[in-house]
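# Observations on the model geometry
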Amino acid sequence: MNKKVQVVVIGGGATGTGVLRDLALRGIDCLLVEQNDLATGTSGRFHGLLHSGARYVVKDLNSGKECIEENKILKEIAPSCIEDTGGMFIAAKEDDPGYITKWLEGCKAAGISTKEISPADLKDQEPALTTEVKKAYLVPDAAVDGFTLAAANVLSAKKLGAQAKTYTRVTGFKIENNRVKGVFIKEKYTGQEEYVECAYVINAAGAWAGQVAEHAGQKLNISPDKGVLVIFNHRITSRVLNRLRPPGDGDIFVPHGSVTVFGTTSRSTNSPDDTEATRQEVLDLLEQGSQLIPDLREMRLIRAFAGVRPLYQPDGTAAGRGATRDFTLINHEELTGLEGLISLVGGKLTTYRLMAKAAVDHVANKLDVDKPCITHREQIYAPIVRQESSHENRLCQCEMVTKEMLDKAVADKEKFTLSDVRRLTRLGMGPCQGTFCTFRAAGYYHESRGIDVTEANKLLKDHIQERWKGSRPVLWGGQAQEAELTRGIYLGLLNLERLDSDENDL
Amino acid sequence: MKMTYDVVIIGAGLAGYSAALAAIKNNKKVLVTAKGLGNFYSASGYIDFLGYYPANSRKPLQNPKNSLKELIGNNPKHPYSLIGEKAIEAAFSIFLQTSKEMGLPYTGTMDENVLMPSAAGALIPTSLYPVTADKRVTETHELFVVGIKEMADFYPAYAAHNLKKQLKASIKHTWVALELGIGRELNSYDIALAMEKAEIRQRLVDQLKKAAVKGSLLAIPAVLGVKASQETIKNIEEELECRVLEFPTLPPSVMGYRLAENLKNYLELQGVDFIVGHPVSHVQYDGRICKEIGITTGSGRIKKIKANSFVLATGGVLSEGLFVYPGKIKETVFGLPVGMVQEAVPENFFNMDEFSISYAGVMTNEKLQPVKPGTQEVLYENIYIAGATLAGYDPFIEKSGNGVALASGYKAGLMAVTGRDTDE
């Protein structure tokens with residue numbers, strides 16, 4: 001690794017990886033560091049909705065405009081990360097008709113196409129919906145895979161010479177004469193520490209941006225805001241479903257692969273690492289959602305999780321739904337006189353490219369690079385294209401993941417977890433939540449990669465444990481049965497709970 | 001259409017079949033009714049009596065029968081304590097006898113746990129097993145682990161390397177390819193079906209000859225034929241001059257399938273009637289006596305069935321004998337109260353605390369009649385509970401699933417025949 005780059009980017013979510021690609025496309029030498037795997041923060045813990053912008057037009061027209069522009073661009077440049085499902089906004093009988101008028105005006109002003117569909121046609125196309133639909137409109141929403149998007153940004157940047165280090169955290173800044181000179185980083189697995197000299201640091205650590213800024217002696221007023229989401233074992237609707245009312249809890253359904261993501265909530269939390277959902281939060285969500293999908297409570301939940309929005313409050317006032325979803329570029333030089341550091345906070349995944357552009361425009365100017373942003377014109381390359389999945393050698397039936405995909409997912413990795421593989425391939429993300437494919441993947445990697453058997457056992461156990469964590473708040477109905485099947489296999493049949501203990505002999 | 005039986009058994013798993021066996025041996029008119037096939041297909045075909053005691057112990061029991069006394073003394077609510085040592089012994093002995101009569105002979109004893117390899121290569125204790133599996137990996141010097149290329153659920157190197165950590169033997173492993181040309185990965189049942197063909201078996205034998213397995217113990221997933229597994233194993237052993245040990249696979253379990261089919265055929269020959277595929281849709285009581293159940297058949301008609309006694313052997317959460325709702329668990333046929341429900345879900349999947357969803361169930365007295373949790377008040381006098389519907393044990397951790405099913409099924413079947421007579 002080069003110990004000297006022009007720009008260090010901190011954070012491997014959509015924003016950070018977008019910044020890396022933009023820097024690389026302008027020929028700026030750059031390194032990204034991420035404390036975990038790519039997209040393990042908020043970019044991997046959201047509903048996966050590529051907004052049309054219609055959700056924002058009433059309260060924040062500018063956000064709506066930004067969303068629709070970015071929505072069109074991303075569909076062009078990142079088709080392998082997006083499933084263009086289309087979206088719909090549904091007003092139920094209790095929803096305010098006055099809001100519908102304002103919403104239609106807003107969509108028109110933002111340039112978002114809306115097409116009214118009759119409740120009868122809609123029922124025909126989306127049989128799970130309530131029959132009590134007052135008004136329904138189709139909009140250009142889509143489903144976006146945050147994991148693939150982050151990985152694709154990094155791969156595209158790497159092709160241009162950029163570097164990225166995952167499982168590496170920033171432990172400090174070197175500051176001389178009120179100017180950032182470089183960062184100290186530490187690798188998680190090896191414990192190795194290094195110093196990287198740079199001219200500029202872009203802090204894109206999302207909900208962790210405040211913690212990063214603190215290393216440079218800077219204070220950032222980030223209020224972490226928790227959003228709970230649940231996953232159902234099938235596609236409830238074929239399109240993204242939004243409720244046509246002021247944004248609230250439990251009003252977005254997004255079909256992904258073989259499942260549906262439904263959310264969210266908005267509650268202040270103390271920690272960006274507060275990513276566990278509780279049973280009560282799930283039950284509250286279901287209560288809301290069943291107004292649109294009457295049979296929702298009978299449908300099989302496979303897991304629940306939470307993401308933390310990095311809401312930025314310059315004056316520390318508005319919180320929750322009242323806080324802006326817009327992004328802010330903080331130039332620390334203007335705030336405290338510290339040169340060489342900017343923080344990019346707030347925003348949403350749909351507008352990540354625009355956020356990256358704003359940051360890189362600023363830095364390019366400082367570095368005297370006059371190449372303009374071209375991220376809206378260049379294709380993004382996903383490392384694993386799902387359409388390549390063949391019938392043969394499938395190890396994950398639910399998400400059609402093959403041995404070849406598993407090989408690709410770890411080709412450039414010394415050490416990995418099955419969760420890293422899952423984020424790239426969707427292994428174990430489907431209805432069975434890894435019950436069968438975890439055993440298969442561990443056995444396959446043990447042999448194909450020559451992994452020590454104790455390590456392979458750990459690979460397996462960690463993944464089953466990770467899936468377990470998500471299913472704990474939703475252990476009822478079909479998911480309780482699935483949990484029993486998983487226990488029956490991994491404990492009852494395989495006796496893995498006792499493997500690697502030296503007492504298991506007579 | 002009205003049908004009348006002495007004993008009606010609800011559930012077609014090992015507990016239900018064991019109850020049917022006990023009842024038919026007493027010359028009663030017996031019906032087994034179930035909404036689906038039992039749990040044979042996701043459990044191993046071995047009868048694990050008691051692998052570990054206490055349940056979270058790391059060391060397998062050498063002599064489970066000795067520990068049973070301790071368990072009965074310390075855990076009065078465990079199904080084994082309610083069933084009692086005498087009935088457990090009788091159940092095991094009748095099963096061994098029946099297995100010979102039905103043509104799938106089992107062997108083993110309650111005095112000993114044999115350590116068998118699991119598909120991950122962990123050793124796992126069991127008490128009874130088919131005679132074809134009467135081989136000890138713990139006493140073998142040369143072990144050869146075989147995987148089948150087309151089968152997605154077994155990795156011979158992985159199992160062999162884990163076994164290597166626990167055994168002193170020389171352990172080798174290899175893949176064989178059956179060249180089935182099906183173009184998708186296959187499960188154990190698919191492979192077992194293919195193995196019914198002599199030509200496919202020969203491919204296995206030819207490749208293993210090249211791998212030079214002579215004189216060793218060959219450990220192979222349980223896929224050596226669906227039906228004629230005993231002859232298949234014998235032939236392979238003769239041709240290769242080695243011994244063959246089949247071990248249980250991930251579901252579908254071919255060993256479990258063989259046990260289910262043989263038991264069912266045997267029970268049918270003995271005169272047990274079967275109605276499988278329809279759930280119980282209504283129940284009629286007279287005070288604390290269940291008079292009749294109704295089954296809604298495919299045509300929508302309700303079949304009414306009267307009986308003197310009923311055995312409830314519908315299984316636990318996995319088989320929908322119990323159903324979990326947020327914050328509560330319900331018994332699905334009679335709506336019996338479910339006891340031993342804990343709120344907490346363990347944080348760690350692999351920790352060995354007994355898990356509430358497995359542990360919860362219907363509480364009974366020593367006759368296996370359902371009682372109100374926390375009391376000895378019998379709820380229904382002629383309903384007897386067997387198998388995973390019972391509360392008070394975690395079969396996956398203590399390795400007792402098929403043992404409890406067999407013993408409680410036998411006792412419930414016996415009580416269904418004699419229980420009320422002794423009362424009156």
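## Quick look at the environment of Gly298(B)
All names here are of chain B.
- In this fold, Gly298 is placed in the loop between β13 (289-296) and β14 (302-312).
- We classify Gly298 as exposed; its relative accessible area is 72%.
- Each C-alpha atom, one on Gly298 and one on His278, is 7.6 Å from the other, the two residues being 20 residues apart in sequence.

## Concerning the pairing of strand β1 (residues 7-10) of chain A
All names here are of chain A.
- By the alternation rule, side chains of β1 split into Val7 and Val9 and Val8 and Ile10, which are all buried.
- Relative to strand β13 (residues 200-203), β1 runs parallel, the two sharing four bridges. Across the sheet, residue Val8 finds its bridge partner in β13, namely Val201.
- In this sheet, strand β2 (residues 30-33) lies alongside β1 in parallel orientation, the contact comprising four bridges. When the sheet's bridge partners are listed, Val8 is paired in β2 with Leu31.
- Read from β1 through helix α1 (residues 14-25) to β2, the crossover connection turns out right-handed.

## A closer look at the confidence of the model for chain B
- Predicted confidence across chain B gives a mean pLDDT of 94, with 99% of residues reaching 70 or more.
- Per the prediction output, this complex has pTM 0.94; the corresponding ipTM is 0.97.

## Some details on the sheet that holds strand β3 (residues 49-50) of chain A
Residue and element names in this part refer to chain A.
- Ordered in space as β3-β8-β4, the three strands form an open sheet in which the pairing is antiparallel. A strand with exactly one partner marks an edge of an open sheet, and here the two such strands are β3 and β4 (82-83).
- Pairing between β4 and strand β8 (residues 142-144): two bridges, direction antiparallel. Looking across to β8, one finds that Ile82 is bridged to Val144.

## A closer look at the packing of aromatic side chains
- Across all of its chains, the model carries 24 aromatic pairs over all chains by this definition.
- On the basis of an interplanar angle of 15° and a centroid distance of 4.4 Å, the ring pair of Tyr285(B) and Tyr380(B) is categorised as stacked. Here Tyr285(B), found in strand β12 (residues 280-286), pairs with Tyr380(B), found in the loop between β18 (361-362) and β19 (383-385); they are 95 residues apart in sequence, far enough to count as distant.
- Every member of this aromatic cluster is reached through a ring pair, and the members are Tyr17(B), Phe40(B), Tyr41(B), Tyr189(B), Tyr257(B) and Phe274(B).
- One Lys or Arg, Lys159(A), reaches over the ring of Tyr381(A) and ends 4.1 Å from the middle of that ring.

## Notes on the side chain of Thr85(A)
- Its location among the elements puts Thr85(A) in the loop between β4 and β5 (87-92).
- If sequence neighbours within four positions are ignored, Thr85(A) has contacts with Asp141(A), Ala142(A), Ala143(A), Arg235(A), Ser238(A), Arg239(A), Val240(A) and Pro255(A).

## Description of the state of the cysteines
Residue and element names in this part refer to chain A.
- Under the definition given, this model contains zero disulfides over all chains.
- You can see Cys81 has no disulfide; the closest cysteine sulfur is in Cys373, sitting 17 Å from it.
- Residue classification places Cys81 among the buried residues on the basis of a relative accessible area of 3%.

## Some thoughts on empty space enclosed by the protein
All names here are of chain A.
- Summed over all chains, the structure comprises six cavities of 30 Å³ or more.
- Each pocket or cavity is described by its volume, and for the largest cavity that value is around 110 Å³.
- Around the largest cavity, the lining residues are Cys432, Gln433, Thr435, Ile464, Arg467, Trp468, Ser471, Gln479, Glu482, Ala483 and Thr486.
- Sorting the residues of the lining of the largest cavity by element identifies α13 (453-471) and α14 (477-493) as the ones contributing at least two each.
- Each residue belonging to the lining of the largest cavity can be placed in one class, and the counts come to four nonpolar, five polar and two charged.

## A short note on the pattern of salt bridges
- If you walk through the whole model with that rule in mind, you get 49 salt bridges over all chains.
- With a closest N to O distance of 3.8 Å, Lys25(B) and Glu101(B) form a salt bridge. Separated by 76 residues along the polypeptide, Lys25(B) in helix α1 (residues 14-25) and Glu101(B) in helix α4 (residues 85-102) bring together distant segments of the chain.
- Note on Lys25(B): relative accessible area 40%, which makes it partly exposed.
- Salt bridges linked by common partners bring Asp22(A), Arg26(A), Lys357(A) and Asp361(A) together as one network.

What counts, and at which threshold
- Residues numbered from 1 in each chain as written.
- Chains lettered and ligands numbered in written order.
- Predicted model: local features only at pLDDT ≥ 70, side-chain atom pairs only at ≥ 80, totals over all residues.
- Heavy atoms only, no water.
- Helix = DSSP H or I, 4+ residues; strand = E, 2+ residues; numbered from the N terminus.
- Buried < 20%, exposed > 50% of the residue type's maximum accessible area, 1.4 Å probe, protein only.
- Pairing = 2+ DSSP bridges.
- Right-handed = clockwise from strand over helix to strand, strands pointing away.
- pLDDT = per-residue confidence, 0-100.
- Phe/Tyr/Trp six-rings, centres within 6.5 Å; stacked < 30°, edge-to-face > 60°.
- Lys NZ or Arg CZ within 6 Å of the ring centre and 35° of its normal.
- Contact = heavy atoms within 4.5 Å.
- Disulfide = S-S within 2.5 Å.
- 1 Å grid on protein atoms, 1.4 Å probe; cavity = no way out; pocket = protein on both sides within 12 Å on 5 of 7 lines; lining within 4 Å.
- Points joined across faces, edges and corners; volume = space filled by probe spheres on them.
- Nonpolar A, V, L, I, M, F, W, Y, C, P; charged D, E, K, R; others polar.
- Salt bridge = Lys/Arg side-chain N within 4 Å of Asp/Glu carboxyl O.

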